[in-house]
Amino acid sequence: MPRCRNCQKEIDKIKDADICPYCGAKQPIETDYRTMDVTSALSLHEGELYKSKSRAVFCWLCALLGYFGVHEFYIGKKSRGVLSIVVCLLLTAIVGSILVLLFSELPLPICFISPFALIWLFHIGEAIYFSHKDTLTDAEGVFLR
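Everything numeric in this text was worked out from a predicted model, so none of it was measured. (Residues numbered from 1 in each chain as written. Predicted model: local features only at pLDDT ≥ 70, side-chain atom pairs only at ≥ 80, totals over all residues. Heavy atoms only, no water.)

Asks: Pulling in residues and values, what's your account of the packing of helix 4 (residues 78–102) against helix 5 (residues 108–132)?
Replies: Viewed as axis vectors pointing N to C, helix 4 and helix 5 meet at an angle of 140°, and their least axial separation amounts to 8 Å. Classified by the angle their axes make, helix 4 and helix 5 are oblique. Viewed along their axes, helix 4 and helix 5 form a crossing whose handedness is right-handed. Contacts between helix 4 and helix 5 pair Ser84, Cys88, Leu91, Thr92, Ala93, Val95, Gly96, Ser97, Leu99 and Val100 from the former with Leu108, Cys111, Phe112, Ser114, Pro115, Phe116, Ile119 and His123 from the latter. Classifying every residue of the contact of helix 4 with helix 5 by side-chain character gives 12 nonpolar, 6 polar and no charged. (Axes fitted to C-alpha atoms, helices over the stretch in contact; angles between N-to-C directions. Helix = DSSP H or I, 4+ residues; strand = E, 2+ residues; numbered from the N terminus. Parallel < 35°, antiparallel > 145°, perpendicular 65-115°, else oblique. Left-handed = near helix turned anticlockwise from the far one by under 90°. Contact = heavy atoms within 4.5 Å. Nonpolar A, V, L, I, M, F, W, Y, C, P; charged D, E, K, R; others polar.)

In C-alpha cells form, the structure reads like this:
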C-alpha cells in the first residue's frame with residue numbers, strides 16, 4: 001500500500017489517488033510510486049531464489065559420511081565440517097593407539113576399526129536426533145525443509 005507523502009498513513013492507490021482521506025492533501029501519492037515486488041523480499045542467493053537444503057539429505061549424509069563432516073559441508077558450515085574431520089581422526093588415532101598399547105594381542109586393524117565404528121554409530125544416533133529436531137538451519141539461517 002502506498003503512503004501519503006504528507007501524513008505518512010497508508011492509503012488506497014485507486015480510491016485515494018486524488019485526495020488523502022486523513023489529512024486532505026491533494027495528490028498524496030508520488031507519481032513514480034511502484035508497489036513492492038514480492039520476489040525482492042525473498043531470500044536471494046547469488047541472483048537466484050534460494051532453495052533451502054533438505055533435512056533428509058542432511059540426515060543421510062550424517063549417518064553415512066558423518067565421520068568426514070560431509071553433512072556440515074552440505075549445509076554450508078565449513079568450519080564445523082573441518083572440526084568434525086579433525087576430531088574424528090584424532091579420536092580414532094588416540095583410542096586406536098591406546099588399544100594397541102593395552103591389548104598387544106589384538107590385530108592392528110581391529111584396534112583402529114573399533115573406534116571408527118563407535119564414532120560411526122555415534123553419527124547414526126546424531127542423524128536420528130537431527131531427523132526429529134525442528135530447528136535445523138543452514139549457514140544462511142534458513143530452516144531445512
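Next comes the rest of the description.
Asks: Report on the environment of Gly69, specifying residues and quantitative values.
Replies: You can see Gly69 is positioned in the loop between helix 2 (55–65) and helix 3 (70–74). Considering only alpha carbons, one finds Gly69 and Val82, 13 residues apart in sequence, at a separation of 6.8 Å. Apart from residues lying up to four places away in sequence, Gly69 is in contact with Gly81, Ser84 and Ile85.

Asks: So what about the pattern of salt bridges? Which residues, and what values?
Replies: Summed over all chains, the structure comprises 1 salt bridge. Arg80 serves as the salt-bridge partner of Glu72, at 3.3 Å between the closest nitrogen and oxygen. (Salt bridge = Lys/Arg side-chain N within 4 Å of Asp/Glu carboxyl O.)

No statement about biological role is implied by the geometric values presented.
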